[in-house]
Amino acid sequence: MSKLVIVESPAKAKTIKKYLGPGYDVIASMGHVRDLPENRLSVDIKKDFKPKYEIIKGKEKLVEELKEKAEKSDYVFLATDPDREGEAISWHLAYLLDLNTEDDNRVTFNEITKTGVTNGMEHPRSIDMDLVNAQQARRILDRLVGYKLSPFLSQKIRRGLSGGRVQSVAVRLVVDREEEIRKFVPKEYWTIDAKMIPKGSRKAFPATFYGDENGKIEIENKEQADQILAELEGAEYKISKLKKGTRRKSPAPPFITSTLQQEASRRLGFQARRTMKAAQELYEGVEIEGMGAVGLITYMRTDSLRLSEDALKDAADYILERWGKKYLPDTPRHFKTKKNAQDGHEAIRPTMPSLSPDQVKDSLSSDQYKLYKLIWERFIACQMANCLQSTTQAEISAKNYIFKASGYTVTFDGFTVLYEEKKDEDSESGGALPPLEKDMPLRCKEIAGNQHFTQPPARYTEASLIKALEENGIGRPSTYATTISTITGREYVVRDGKALKPTELGEVITKLMKERFPKIVNVKFTAQVEEELDEVQSGKVDWVETLHDFYGDFEKTLKKAKEEMQGVKIQLKEDETDIICEKCGRKMVVKMGRYGKFIACPGYPECKNVKKLVQETGAECPKCGGKVIVKKSKKGRIFYGCAEYPNCDFISWDEPSMEKCPRCGKTLLKKKGKHPKYYCVTPDCGYERVENPDEENKDEV
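Residues numbered from 1 in each chain as written. Predicted model: local features only at pLDDT ≥ 70, side-chain atom pairs only at ≥ 80, totals over all residues. Heavy atoms only, no water.

- Per an unreviewed UniProt entry, the protein is named DNA topoisomerase 1, and its organism is Anaeromassilibacillus senegalensis.
- Word for word, the UniProt comment on the protein under Subunit (unreviewed entry) is "Monomer."
- Within the UniProt record for the protein, the comment given under Sequence similarities (unreviewed entry) is "Belongs to the type IA topoisomerase family." (UniProt positions renumbered as here; feature names shortened; annotations may be inferred.)

Right, dumping it as structure tokens:
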């Protein structure tokens, strides 16, 4: 019998084909094959939101090929990804190929290994219509909001804008944080910091003023600090209390989608989209030397912390062989999944724990290797013994005042020999203290008052925004990468280093949405919609009812906003440029057209002057001394060229810096990387310099 297996990607098809062997034909659908067309609403609101799906443009030939192969096969298995989107793709394929959705023709693979594929093929099931309807409800909700809201925003603010159910809330979080920062009033406070040396020792340790016997004293100004320092003149210092203990530090749980995106952002500097691309490749299968195509990790869209017993045993075997019995906990670690998580998949882990990153490094791309190493180390570490620390807390008395000092030493490294989770802010302080005893006299080597000011909350980074979206129940792990790409791509939010900062456009849209569509940008309401979609998925709620409940209120709000804002147009300050219109003398403004941004005179229709939008770098052309401007290739990749083109043909993928070559005086180009390199392109010059990594680290600290 000939059997056809349809998956989503060619890489996955290749890996699965290897495990299934003869008698099976494996082909890729290349993702979705049928969807709501882009150029119209395609949802019949009056007929219970009936969607009007069409074959995606450009996929007609592929669909015909799938139909031909299905007709020639004795049996067709739908093996798309094991989530809502994958279930919906299988349902669309079943419709196009005239397959019965109640037949056991749906198979899922949590991991693309021989065991994972064999188990999947041995347990086919019918298409889960609750999963499909949850996906349909989300797709239609997002289409209704996008298609109804976007024209309104474009009309009131600027052409080409879009609003979305999840993206609008994400922008609001960034805008609200920016408002907190602006409103923040720094408050002065002081600390008194000392360095103490125990009797008979040369090693000093830090101690910080705490207060007196009545409790903590907050030092608010210099006068108060100076008064305490004056009272401490000639004071004798001794240890009045000493507490020693042992602290057990446990490893972080294995990755789920959101924590993988956060850690890859903090540790590797990866944006969420980049993380998910590499993770998808590792899941679908990579050609490993001596092994062929292998799926290296389990399915990467999950919010479950469950781990299979086989994986736990494999991890324990590896730890025992490499580090010995003392690095194993008494029993395997199990982690509790949060209440609302979908538990259909395991946590993200290596499919073969015994396959270390070093063994596969030569077969992987740089991104694949870095991400596999992160996933592998996190998983192995989560099954290792605790790190043990010996802690010391000392109270130091001086006259009526008290200082405090604390520190720790690692007595057993445990899981930290391999991996420790990176935090957004490293709050852990202390190091080893010298041997101390109660009533031990101390010599105060130095003491001083130090002024500080309270700091505003930090801007969101991609990692902390994903964490906020997850904690507030906004969107789902599989949507975070797309959401962040959308809000940055549409320039509602821009990157400032690692920080995310709202543009004026983002702030204006958020203000309008808060005033006119408070529910759409309400964090709790958006989370409630997500919960209802989860209930659709579990079969507790009807998906059409969910759409009726949402749309009825949304339609009334939109109608009211249109009526009350008739004739109103919001002008953005950021649209104005310093370029003077040579025809009428006005300051020209940035406009959005069908083909992108351009510069136009605000005096239209009296003055119809328009120009190309040119972004200057501020650097001089190293060939002719003209201005270097930012350009884009047909594929959207940024490069740099001389504004005097075609008279000057200078172009470069590397960004021109503001530095001049110390040999010839021309502009230096900067090649990015871990240690950026500056170099001169002038013939016969050859100057180059690598940025000092120590200096780079100082800046980061």
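**Some points on the overall build of the protein**
Okay, so step 1: A count of helical and extended segments in the protein gives 18 helices and 30 strands.
Okay, so step 2: On the principal axes, the C-alpha backbone points of the protein span a range of 95 × 75 × 65 Å.
Okay, so step 3: Counting every position in the protein, which comprises 701 residues, the buried fraction comes to 47%.
Okay, so step 4: Pairs at least 24 residues apart make up 66% of the contacts formed inside the protein by residues separated by at least 6 positions.
Okay, so step 5: A total accessible area of about 37600 Å² is found for the protein, and carbon and sulfur atoms account for 47% of it.
Okay, so step 6: The centroid of the 119 positive side-chain charges in the protein is displaced by 3 Å from the centroid of its 111 negative side-chain charges. (Helix = DSSP H or I, 4+ residues; strand = E, 2+ residues; numbered from the N terminus. Buried < 20%, exposed > 50% of the residue type's maximum accessible area, 1.4 Å probe, protein only. Contact = heavy atoms within 4.5 Å. Areas by Shrake-Rupley, 256 points an atom, 1.4 Å probe, with all protein chains shown as cover. Lys, Arg positive; Asp, Glu negative; His and termini not counted. Charge placed at Lys NZ, Arg CZ, Asp CG, Glu CD.)

**A look at the UniProt feature "site: Interaction with DNA" (unreviewed entry) in the protein**
Okay, so step 1: As annotated by UniProt and renumbered to match this structure, "site: Interaction with DNA" (unreviewed entry) occupies His32, Arg138, Arg139, Asp142, Tyr147, Arg301 and Arg490. Across 459 residues, the annotated set is spatially dispersed, with a maximum C-alpha separation of 27.6 Å.
Okay, so step 2: Along the chain, the position of histidine 32 falls in the loop between β2 (24–28) and β3 (34–35).
Okay, so step 3: With sequence-adjacent residues up to four places away left out, histidine 32 is seen in contact with Ile56, Lys59, Glu85, Ile89 and Gln135.
Okay, so step 4: Its location among the elements puts arginine 301 in the loop between β13 (292–294) and α10 (309–323).
Okay, so step 5: Not counting residues up to four positions away in its chain, the partners in contact with arginine 301 are Asp81, Asp83, Thr257, Met276, Gln280, His345 and Ser478.

**Concerning a negative patch on the surface**
Okay, so step 1: Judged by side-chain charge, Asp48, Asp542, Glu545 and Asp549 come together as a negatively charged surface patch.
Okay, so step 2: With respect to the helices and strands, the residue glutamate 545 is situated in helix α17 (residues 543–564). (Patch = residues over 30% accessible without salt bridge, like charges linked within 9 Å, V, L, I, M, F, W, Y side chains within 5 Å. Salt bridge = Lys/Arg side-chain N within 4 Å of Asp/Glu carboxyl O.)

**Observations concerning the pattern of salt bridges**
Okay, so step 1: Scanning the entire structure with this criterion turns up 44 salt bridges.
Okay, so step 2: In this structure, arginine 139 engages aspartate 35 in a salt bridge whose closest nitrogen and oxygen atoms are separated by 3.0 Å. Taken together, the positions of arginine 139 in helix α5 (residues 129–156) and aspartate 35 in strand β3 put the pair 104 residues apart, joining distant regions of the chain.
Okay, so step 3: Salt bridges sharing partners connect three or more residues here, namely Arg138, Asp142, Arg165 and Glu530.

**Topic: the confidence of the model for the protein**
Okay, so step 1: Across the protein, pLDDT averages 90, with 95% of residues at or above 70.
Okay, so step 2: Here residues 693–701 is a poorly scored stretch, pLDDT under 50, and it has five contacts once near neighbours within four places are set aside; other chains count. (pLDDT = per-residue confidence, 0-100.)

**Structural notes on the side chain of arginine 84**
Okay, so step 1: Within the secondary structure layout, arginine 84 lies in helix α3 (residues 84–96).
Okay, so step 2: Sequence-distant contacts of arginine 84, that is, excluding residues within four places in its chain, are made with Leu131, Ala134, Gln135, Arg138, Leu533, Asp534 and Gln537.

**Let's talk about the packing of α5 against helix α15 (residues 504–516)**
Okay, so step 1: Orientation of α5 relative to α15, taken along the N-to-C sense of each, is 120 degrees, at an axis distance of 12 Å. What the angle tells us is that α5 and α15 run oblique. Note that α5 runs across α15; the crossing there is right-handed. Contacts between α5 and α15 involve Leu149, Phe152, Leu153 and Lys156 on the former and, on the latter, Ile509, Leu512 and Met513.
Okay, so step 2: Its residues assigned to classes, the contact of α5 with α15 shows six nonpolar, no polar and one charged. (Axes fitted to C-alpha atoms, helices over the stretch in contact; angles between N-to-C directions. Parallel < 35°, antiparallel > 145°, perpendicular 65-115°, else oblique. Left-handed = near helix turned anticlockwise from the far one by under 90°. Nonpolar A, V, L, I, M, F, W, Y, C, P; charged D, E, K, R; others polar.)

**A few points about the sheet that holds strand β27 (residues 655–660)**
Okay, so step 1: Strands sit in the order β27-β28-β29-β30 across an open sheet of four strands; the sheet is antiparallel. Here the strands that pair on one side only, and so sit at the sheet edges, are β27 and β30 (688–690). Averaged over all adjacent pairs, the angle separating strand axes in this sheet is 30 degrees, with direction ignored.
Okay, so step 2: Both strand β29 (residues 677–679) and β30 contribute to a ladder of three bridges, which runs antiparallel. Directly across from tyrosine 678, in β30, lies its bridge partner arginine 689. (Pairing = 2+ DSSP bridges.)

**Some remarks on the environment of histidine 32**
Okay, so step 1: The exposure class assigned to histidine 32 is partly exposed, which follows from its relative accessible area of 21%.
Okay, so step 2: The spatial distance from the C-alpha of histidine 32 to the C-alpha of isoleucine 56 is 7.8 Å, given a sequence separation of 24 residues.
Okay, so step 3: Of note is the side chain of histidine 32, whose polar atom sits 2.7 Å from the side chain of glutamate 85. (Polar contact = N/O pair within 3.5 Å; in protein donor to acceptor, adjacent residues only side chain to side chain.)

**What about the pairing of strand β16 (residues 441–453)?**
Okay, so step 1: Here strand β8 (residues 188–198) pairs with β16 via 11 bridges, running antiparallel. The residue of β16 that forms the bridge with alanine 194 is isoleucine 447.

**Here we look at α10**
Okay, so step 1: Given a rise of 1.5 Å per residue, 15 residues ought to cover 21 Å, and the 21 Å separating the end C-alpha atoms of α10 matches this to within 8%.
Okay, so step 2: Elements in contact with the buried residues of α10: α12 (366–382). (Expected span 1.5 Å × (residues − 1).)

**Structural notes on the packing of aromatic side chains**
Okay, so step 1: Across all of its chains, the model carries 16 aromatic pairs by this definition.
Okay, so step 2: Seen in terms of ring centroids, phenylalanine 152 and phenylalanine 517 are 5.6 Å apart; in terms of plane orientation they differ by 80 degrees. Their pairing is edge-to-face. In this pair, phenylalanine 152 sits in helix α5 while phenylalanine 517 sits in the loop between α15 and α16 (523–537), placing the two residues 365 residues apart along the sequence.
Okay, so step 3: Phenylalanine 152 sits in the buried class, given a relative accessible area of 1%. (Phe/Tyr/Trp six-rings, centres within 6.5 Å; stacked < 30°, edge-to-face > 60°.)

**Some thoughts on the sheet that holds strand β24 (residues 627–632)**
Okay, so step 1: Taken together, four strands build an open sheet; the order of strands is β23-β24-β25-β26 and the sheet is antiparallel. The two strands at the open ends of the sheet, each matched to only one other strand, are β23 (615–620) and β26 (651–652).

**Focus on the packing of helix α8 (residues 257–268) against helix α9 (residues 272–284)**
When two helices pack together, their arrangement is given by the angle between the helix axes and the distance between those axes.
Okay, so step 1: As a packed pair, α8 and α9 sit with axes 9 Å apart at the nearest point and diverge in direction by 115 degrees. The handedness of the crossing between α8 and α9 comes out as right-handed. Of α9, the residues touching α8 (which contributes Thr257, Leu260, Gln261 and Ala264) are Ala272, Thr275, Met276 and Ala279.
Okay, so step 2: Classifying every residue of the contact of α8 with α9 by side-chain character gives five nonpolar, three polar and no charged.

**Let's talk about the state of the cysteines**
Okay, so step 1: Tallied over the full model, the rule gives zero disulfides.
Okay, so step 2: Note on cysteine 601: no disulfide assigned, nearest cysteine sulfur contributed by cysteine 584 at a separation of 3.3 Å.
Okay, so step 3: For cysteine 601, a relative accessible area of 2% translates into the label buried. (Disulfide = S-S within 2.5 Å.)

**Topic: unusual backbone geometry**
Okay, so step 1: Geometrically, the link from tyrosine 604 to proline 605 is a cis peptide bond, its omega value of 10 degrees lying close to zero.
Okay, so step 2: Along the chain, proline 605 turns up in the loop between β21 (596–600) and β22 (610–612).

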